[in-house]
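In case you want the letters, here they are:
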Amino acid sequence: MDPILRPRKLLTRRQLLQLSGLSATSLLMSGCGSRLFDDVAQKTFEPLNQSIEALILNPQKPVPEFPISAIEPKALLVNTFNSVPDIDPKTYRLIIDGEVNHPMQLSITDIQKMPLTSMVIRHVCVEGWSAIVQWGGVRLRDLISLALPKKNARFVYFKSADGYYESWDMPSSLHPQTLMAYQKNGQPLSDDNGAPLRLASPIKLGYKQSKWVTRITLVNRLTPAKGYWEDQGYEWYGGL
Ligand SMILES: Nc1nc2c(c(=O)[nH]1)N[C@H]1C(S)=C(S)[C@@H](COP(=O)(O)O)O[C@H]1N2
Ligand SMILES: [Mo]
């Protein structure tokens, strides 16, 4: 097996409970499940961030999606501050580093072996247009989990091949509908829409959704450089 894709060390809640000798019902009956669970988690995962662990084990509520019939194939405009970068998908590697115990470099083939999530959501650009789009890709939370995030990781930086950069808060990054997408409307992502890999999420504005992502870096603090548009006055959180 590819050494990068060795089985994740993070355990599911059920495995964790099994390990600890507790059942889900005994946790529920104790009436203080979360604290008991925290105690167990603390012992089992010393190096992991408790809040990251909690977010990974208890995914946030998904945003309602649109039916396939609602897709607006022509409405997604291409928005790029620079020219479309030339990326060879064969040599492309996604780097995941920073505050992680297991830094990784993944090829597109590695990424496509991971579970595929598809969603139909609305993309909203602050320049006054929006489009209902279907995105297919891997959950960012799965990539972050594989890299074994450290206790102090609180933000995520995204570096793009065209010089674009972005930063996100950890809860939004771990949201179950925040994807690193490689498909658009059922087709492989086109170059101008961010191939081979881009962010796609129904909880953030268009400018937060970096295209041509080459590097994902977990950090404890944001630097003065927060994002390409943010550094020119756009709001950092950029929520929808
Ligand atoms: N790397 C990179 N990502 C980017 C941008 C960019 O210029 N470079 N523009 C952003 C903006 S403002 C929007 S609205 C969306 C547009 O995505 P699209 O071109 O696929 O419609 O990409 C976002 N991600
Ligand atoms: Mo945008």
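First things first, this report covers the structure right here in the doc.

Thresholds applied
As a convention, each chain's residues are numbered from 1 in the sequence order in which they are written. Both sets of labels track the order of writing: A upward for chains, 1 upward for ligands. Given that the model is predicted, a residue must reach a pLDDT of at least 70 before its local features are reported, and side-chain atom pairs must reach 80 or more before they are shown or counted; all residues, however, enter totals for whole chains, interfaces and linings. Calculated side-chain values reflect all of the structure's heavy atoms, with hydrogen atoms and water omitted. Put simply, DSSP H or I for four residues or longer makes a helix, DSSP E for two residues or longer makes a strand, and each gets a number counted from the N terminus. Summary of the burial criterion: residues with accessible area below 20% of their type's maximum are buried, those above 50% are exposed, and those between are partly exposed, where the area comes from a 1.4 Å probe applied to protein chains only. Exposure was quantified through the Shrake-Rupley algorithm and a 1.4 Å probe, taking into account, for residues, occlusion by the shown protein chains and nothing else. What is meant by a nonpolar core is a set of buried Ala, Val, Leu, Ile, Met, Phe, Trp, Tyr and Cys residues, joined one to another through side-chain atoms within 4.5 Å. Every residue pair with non-hydrogen atoms within 4.5 Å of one another is taken to be in contact. Think of it this way: one heavy atom of a residue within 4 Å of a molecule or strand is enough to make that residue near it. Any pair of N or O atoms that falls within 3.5 Å is considered a polar contact. Within protein, one atom must be able to donate a hydrogen and the other to accept it, and sequence-neighbouring residues count only if both atoms are side-chain atoms. Aromatic rings from Phe, Tyr and Trp, with only the six-membered ring used for Trp, were paired whenever their centres fell within 6.5 Å, and each pair was classed as stacked if the ring planes differed by under 30 degrees, edge-to-face if by over 60, and tilted otherwise. Two strands qualify as a pair provided that DSSP identifies no fewer than 2 bridges between them.

The subject of this paragraph is the overall build of the protein chain. Of regular secondary structure, the protein chain possesses seven helices and ten strands. A total of 240 residues make up the protein chain; the buried ones form 48% of that total. Within the structure as shown, the protein chain displays about 11,800 Å² of accessible surface, and the carbon and sulfur contribution to it stands at 55%.

Moving on: the nonpolar core. Counting residues in hydrophobic clusters, the biggest one holds 31 residues, and the most contacted among them are Leu-94, Leu-143, Phe-158, Met-180 and Ile-216. Where this core is concerned, the elements lending two or more residues are helix 4 (50-57), strand 1 (94-98), strand 2 (104-106), helix 5 (108-112), helix 6 (140-146), strand 5 (155-160), strand 7 (179-184) and strand 10 (213-219). For this core, the element with the most residues is helix 6, which contributes four residues. Excluding anything up to four places from it in sequence, Ile-216 contacts Leu-94, Ile-95, Ile-96, Asp-97, Leu-140, Val-156, Tyr-157, Phe-158 and Met-180.

The environment of ligand 1 is made up of 20 residues, and the closest members are Leu-77, Asn-79, Asp-162, Arg-198 and Lys-211. One of the side-chain nitrogen or oxygen atoms of Ser-160 is found 3.5 Å away from a nitrogen atom of ligand 1. Within the complex, 99% of the 540 Å² of free accessible area of ligand 1 lies under protein.

With that out of the way, let us pick up the packing of aromatic side chains. By the definition in use, this model includes nine aromatic pairs. With a centroid separation of 5.9 Å and an interplanar angle of 70°, the aromatic rings of Phe-158 and Trp-168 are classed as edge-to-face. Linking Phe-158 in strand 5 with Trp-168 in strand 6 (residues 165-169), this pair joins segments that are ten residues apart in sequence. Each member of the pair, Phe-158 together with Trp-168, is buried. Ring geometry for Trp-229 and Tyr-234: centres 5.2 Å apart, planes at 25°, overall stacked.

The subject of this paragraph is the environment of Arg-221. In this fold, Arg-221 is placed in the segment after strand 10. Along the primary structure Arg-221 and Arg-154 are separated by 67 residues, whereas in three dimensions their C-alpha atoms are 7.0 Å apart. When sequence neighbours within four positions are dropped, the list of residues in contact with Arg-221 reads Phe-155 and Tyr-157.

What follows is about the pairing of strand 10. The buried fraction of strand 10 amounts to six of the seven residues, a majority that puts the element mostly inside the structure. The pairing of strand 1 with strand 10 spans four bridges and is parallel. Note on strand 10: the bridge partner recorded for Asp-97 is Thr-217. Across six bridges, the pairing between strand 5 and strand 10 is antiparallel. Paired with Phe-155 across the bridge in strand 10 is Val-219.

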